[in-house]
Amino acid sequence: MEYRMAQLKALGHFLDDKKQQILEATASDLGKAPFEAELSEILLCKNELHETLNNLSCWMKDEQVDRTLAMQLDSAFIRKDPYGVVLIIAPWNYPIHLFLVPLVGAIAAGNCVIVKPSEVSKKTERLVAEALPDYLDKDCFAVVTGGVQETTRLLENKFDYIFFTGSPPVGRVVMTAAAKHLTPVTLELGGKNPCYVSDTCDVTNVARRVAWGRFFNAGQTCIAPDYLLCTIEMQEKLLPALRKAIDDFYGPNPRESPDFGRIVSDKQFQRLRALLGSGRVAIGGQTDEAERYIAPTVLVDVQPLDPIMQEEIFGPILPIMIITNMDEAIDFINSRERPLAVYAFSSDDKVVNQVLERTSSGGFCGNDTLMHVTLPSLPFGGIGNSGLGTHHGKFSFDTFSHHRGCLKRGMGWECLNAPRYPPYSQQKFGVIRAMSKVRCKNDCTLL
Amino acid sequence: MERMQQIVGRARAAFSSGRSRPLEFRIQQLKALERMVQEKEKEILAALKADLNKCGPNAYSHEILGVLGELALTMEKLPSWAAPQAVKKNLLTLRDEAYINYEPLGVVLVIGAWNYPFVLVMQPLIGAIAAGNAVVVKPSEVSENTARLVAELLPQYLDKDLYPVVTGGVPETTELLTQRFDHILYTGNTAVGKIVMAAAAKHLTPVTLELGGKSPCYIDKDCDLAVACRRITWGKYMNCGQTCIAPDYILCDPSIQSQVVENIKATLKEFYGEDVKSSPDYERIVNQRHFKRVKSLLEGQKIAHGGESDEASCFIAPTILTDVSPESKVMEEEIFGPVLPIVTVKSVDEAIEFINYREKPLALYVFSNNKQLIRRVIAETSSGGMTANDVIMHSVVPGLPFGGVGHSGMGAYHGRYSFETFSHRRACLIKDLRWEALNKLRYPPGSMEMMHLAKFFLLKQCNRSRVGQFISALLAAVKAVVAKVLCPQRKV
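Computed from a predicted model, the values in this text were never measured in an experiment.

A few words on the overall build of chain A. Scanning chain A from terminus to terminus reveals 15 helices and 18 strands. Here the C-alpha coordinates of chain A stretch approximately 85 × 55 × 35 Å along the principal axes. For chain A, the residues scored as buried account for 64% of the 447 residues in total. Considering only intrachain contacts with a sequence separation of at least 6, the fraction spanning at least 24 residues in chain A is 69%. Accessible area of chain A: about 15700 Å², with a carbon and sulfur share of 54%. Treating the 47 positive side-chain charges of chain A as one cloud and the 53 negative ones as another, the clouds have centres 7 Å apart.

Printed below as a string of structure tokens:
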């Protein structure tokens, strides 16, 4: 345990020592606002580290379990074994957070780890490749850099666990590669996270929370509210409220705000700019190719078949889809792939609960956006197309450890085993059946 | 293709109707399953006898007893397993509801194996129903009588659309695997496990693979050999060695090898009498193909006991091989038959090295009076599960997860683990639309002052002492009040 704690503490030092460089690298790669970067790339990571350091000894302990009556003299427990060599493939949108948080779990569970940061967030990739090895044991932890070709070759190797964060198509490629070696995987993917706003709600607060969640990191967040569902009446109230929220956050010209990010690459910029053609621009819509700037934008008159409703947006554009009531909203959500998150806003608890109960998603947040992932006691993961497996807090530790069922018996009391051995007379059979009828609940086992 | 599409489509439509979700419905279906097992016991035992020559008592205790126990446990615990689980909150979420909601995944596929053909479809089915899913059941075609029986019985007792049974061989299973499921649980061999996972990858379907491997059994010099050998004999030769967690091979010091052989021989006589073939308690190899496969493993080996076989009845006598070379064929693949090789090793270090050199097995066994030694073997090896001083038994402890690692599988089930395997743990945070003040900490424009406050509310202190944590919490509460007082004055 001391070794794992030492490595984890070293990771903490990495975050402290290299904070400035991290802020600069993410600013360069994504135009990330220093406040956002500090919150998402440093603060939340340190939270994970501290949660893990505080609880590691408890998590590592063998977990004693219930035994049958016949096994009261034995010791039955679950041992947390490391898997071995773990591969973590991270994306570019939160380039530190999305490798570091799983890395914490993998180290805590006793594994060796290969980290493959995204080549798209170039400066951060270089920082991680150069600086991280100085903090960790070089034999057990390595950073591998490269693009699609290198990653494909990397995936040909046998790993004992693969943790991938990225898009569903690449998730399929990773899982197919893992299948060749029977390597278990956790895939943190994405989808279109719906955000339902009912007619009874505090419009100002809703607008602020939705705007914050949508435009954080210039919309490049896997759990960002992707599109809004509301009635036409609510849309009329929301638009001015959203306008005000954007103005409060970023000022009248968000391009000049130090708190608003940029799109990570030209490819992503072109993709997003094309999506602006869906519906009609109600707020924002300005772009600047040289800076890869897209203004915080809200689109209206969007139809289900429009291009912007066919893919995860992953940018600062919020389309509003009109529905006539909550049932229609729920049907719309359920007719699509299960997303990473579902959001519902209402001052009526019943509405929030209805949306929760009648939809399926990785996670759910009522009356806010993004916040459910800041609680390490909640599992973070997708379902269906949005992913499989979970992590954060103890869930990371559990993800990266093999739960081995162990039973230690004594050599004595062999007489107790007698009923299980052949030859099976009718009498013995009778005894087994009689005992099973009496103690069926917990003791229906081979004696 | 169309047939599979229709079956799975109907199951999905049935699931979407929502009727598999209420707890009452799930328990009602489980009760129906219980009735089925009780009412059709004779038919089930007859099918097992026809497929594997499994005698009544064996079949009852290996397959029926386990299923009844799992049903009773699940029905009793389901309300508590399915209840939303509140989680620890931080300062920022103190006023909110934070919990994990257990939800069904959707349509689950259960692919059974032929060696314990009844329990290996029933036990996963129980968990999948308990978690609220629709389930497509595909029993193994190799154990054809049990497959036929399951296909006949399930529709008589369970909801026909939600829990269809699909029969057939490789072509039908391949077709079935092209359909989209929300979880696949497969029990079988490593090679097919890879195929199942690759097919699942196309739909991003999570899988639980219960595979196999060579489960080693180390016998230390310091142990009660008579007891150890009796337990090993029981676990090895039950079901004619066709058990995924049977002790596959023995590792022991050369000085005790002959004693081990003598003890096993004596036990075999006790269990099956002088003429094993006529013992009603000894099973048969499931079919000709496996018979030939197991028999070929004996070539070139030193047979210390047994070795007799009869192709017509797929009979292979309980066999012990001594001084087996690690490179021989019998040490390459999982034996899955009544052949027990003994490989000699000079120390527990050598045994551990031997085990670690190979793929991680489904089970690992160690016999010793020395508790230190046992702890060491556990700590320095990896396996799906393990039992010390016995075999098989870890798989029947209701509180232990049953599953493999590495080539022996991924995921686990049994009891509560079945329920969790077939459920989605959905993170839920329900906040209030009011109390916007605290949220202002996170909104732009950013400032150092806000960052400090944000740090205070979000950042956990690395504080391992209880007192330290208490003091932090107290200070935090004080600052929370102060922040709320401050916030309204801040210009945002």
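From this point on, the discussion continues.
This brings us to the packing of helix H3 (residues 41-52) of chain B against helix H4 (residues 56-82) of chain B. Two quantities define a packed helix pair, namely the angle between the helix axes and the distance between the axes. Residue and element names in this part refer to chain B. Contact geometry of H3 with H4 gives a least axis separation of 10 Å together with a crossing angle of 105°. Considering their axes alone, H3 and H4 lie roughly perpendicular with respect to each other. Note on element contacts: H4 touches H3 through Gly56, Ala59, Tyr60, Glu63 and Ile64, opposite Glu41, Ile44, Leu45 and Leu48. Among the residues forming the contact of H3 with H4, the class breakdown is six nonpolar, one polar and two charged.

A few words on the interface of chain B and chain A. Taken together, the contact between chain B and chain A spans 124 residues of the former and 117 residues of the latter. Around 10000 Å² of area is buried between chain B and chain A when both sides are counted, 62% of it from carbon and sulfur atoms. Interface area lost by chain B to chain A is led by Leu204, Leu433 and Arg442 of chain B, which between them contribute 9%. At the boundary of chain B and chain A, one finds ten salt bridges.

What follows is about the packing of helix H2 (residues 23-39) of chain B against helix H6 (residues 144-157) of chain B. All names here are of chain B. It is at 9 Å that the axes of H2 and H6 come closest, and there the two elements cross at 135°. One way to sum up the angle between H2 and H6 is to call them oblique. As for the relative orientation of H2 and H6, their crossing is right-handed in sense. Note on element contacts: H6 touches H2 through Leu153, Leu154 and Tyr157, opposite Ala32, Leu33, Arg35, Met36 and Glu39. Partitioning the contact of H2 with H6 into residue classes produces six nonpolar, no polar and two charged.

Scanning all chains against the criterion turns up twelve cavities of 30 Å³ or more. There is about 400 Å³ of room inside the second largest cavity. Lining the second largest cavity we find 26 residues, and of these Ser40, Leu44, Leu370, Val373 and Thr374 of chain A sit closest to its centre. Of all the elements in the fold, those that place two or more residues in the lining of the second largest cavity are helix H3 (34-60) and helix H4 (97-108) of chain A together with helix H15 (436-439) and helix H16 (448-458) of chain B.

All right, on to the sheet that holds strand S10 (residues 280-283) of chain A then. What the ten strands build is an open sheet, ordered S10(A)-S13(A)-S14(A)-S9(A)-S8(A)-S15(A)-S16(A)-S17(B)-S2(B)-S1(B); its pairing is mixed. Since the sheet does not close on itself, it has two edges, and those belong to S10 of chain A together with strand S1 (85-86) of chain B, each with one partner. When S1 of chain B meets strand S2 (residues 97-104) of chain B, the two strands line up antiparallel, connected through two bridges. Residue pairing in the sheet places glutamine 85 of chain B in a bridge with isoleucine 100 of chain B of S2 of chain B.

Strand order in the open sheet made by the ten strands is S1(A)-S2(A)-S18(A)-S15(B)-S14(B)-S7(B)-S8(B)-S13(B)-S12(B)-S9(B), with mixed pairing throughout. Of all the strands in the sheet, just strand S1 (63-64) of chain A together with strand S9 (302-305) of chain B have a single pairing partner and so form its edges. Relative to strand S18 (residues 401-408) of chain A, strand S2 (residues 75-82) of chain A runs antiparallel, the two being bridged by eight bridges. Bridged to lysine 80 of chain A within S18 of chain A is histidine 403 of chain A. Strands in contact with helix H9 (residues 225-237) of chain B are strand S7 (216-219), strand S8 (249-252), strand S12 (319-322), strand S13 (339-344) and strand S14 (363-367) of chain B; relative to S13 of chain B, the strand with the most contacts, it is inclined by about 135°. Along the sheet, helix H12 (residues 348-357) of chain B contacts S7, S8, S13 and S14 of chain B; its crossing angle with S8 of chain B, the most-contacted strand, is approximately 150°.

A few words now on the confidence of the model for chain A. Chain-level statistics for chain A give a pLDDT mean of 94 and a share of 97% at 70 or above. In this model, residues 438-447 of chain A is a region of pLDDT below 50 whose contacts with residues beyond four sequence positions or in other chains number 34 contacts.

Moving on to the side chain of serine 396 of chain A. Residues and elements named next belong to chain A. Among the structural elements, serine 396 can be located in helix H13 (residues 393-399). Residue class for serine 396 comes out buried when judged on its relative accessible area of 1%. At a separation of 2.8 Å, a polar atom in the side chain of serine 396 contacts the main-chain amide nitrogen of histidine 392. Not counting the four nearest positions on each side in its chain, serine 396 is found in contact with Glu48, Val101, Gly105 and His391.

What counts, and where the lines are drawn
- Going along each chain's sequence as written, the residues are numbered from 1 onward.
- Each chain gets a letter, beginning with A, and each ligand a number, beginning with 1, in the order they are written.
- Local features in this predicted model are restricted to residues of pLDDT 70 or higher, and side-chain atom pairs are both shown and tallied only at a pLDDT of 80 or more, whereas totals for entire chains, interfaces and linings draw on every residue.
- Water and hydrogen atoms play no part in the side-chain values, which are based on all heavy atoms of the structure.
- Helical segments are the DSSP runs of H or I of at least four residues, strand segments are the runs of E of at least two, and each set is numbered from the N terminus.
- Type-normalised accessible area, obtained with a 1.4 Å probe on protein chains alone, sets the label of each residue: buried when under 20%, exposed when over 50%, and partly exposed for intermediate values.
- Contact between two residues is taken to exist if any of their heavy atoms lie within 4.5 Å; hydrogens are not considered.
- Exposure was quantified through the Shrake-Rupley algorithm and a 1.4 Å probe, taking into account, for residues, occlusion by the shown protein chains and nothing else.
- The charge count treats Lys and Arg as positive and Asp and Glu as negative. His and the chain ends do not count.
- The location of each charge is read from NZ of Lys, CZ of Arg, CG of Asp or CD of Glu.
- Think of each axis as a best-fit line through the C-alpha atoms, taken over the contacting stretch in the case of a helix, with angles from 0 to 180 degrees between the N-to-C directions.
- By the definition adopted for this analysis, an angle is roughly parallel if under 35 degrees, roughly antiparallel if over 145, roughly perpendicular if from 65 to 115, and oblique otherwise.
- Residue classes follow a fixed rule: Ala, Val, Leu, Ile, Met, Phe, Trp, Tyr, Cys and Pro count as nonpolar, while Asp, Glu, Lys and Arg count as charged, and any other residue, Gly among them, counts as polar.
- Note on terms: buried area is the combined drop in 1.4 Å-probe accessible area of two parts once they are placed together, counting the loss on both.
- Any carboxyl oxygen of Asp or Glu within 4 Å of a side-chain nitrogen of Lys or Arg constitutes a salt bridge here.
- In this scheme, a crossing is called left-handed if the near helix is turned counterclockwise away from the far one by less than a right angle; it is called right-handed if the turn is clockwise.
- In the cavity and pocket records, a cavity denotes points on a 1 Å grid over the protein atoms alone where a 1.4 Å probe fits but cannot get out, a pocket denotes an open set with protein on both sides within 12 Å along at least 5 of 7 lines, and lining residues are residues with an atom within 4 Å of a point.
- Grid points are joined across faces, edges and corners, and a volume is the space filled by probe spheres set on the points.
- For two strands to be treated as a pair, DSSP must find at least two bridges joining them.
- Per residue, pLDDT captures the predictor's confidence, and it can take any value from 0 to 100.
- What qualifies as a polar contact is a pair of N or O atoms within 3.5 Å, subject to a donor-acceptor requirement within protein and to the restriction that residues adjacent in sequence count only when both atoms come from side chains.

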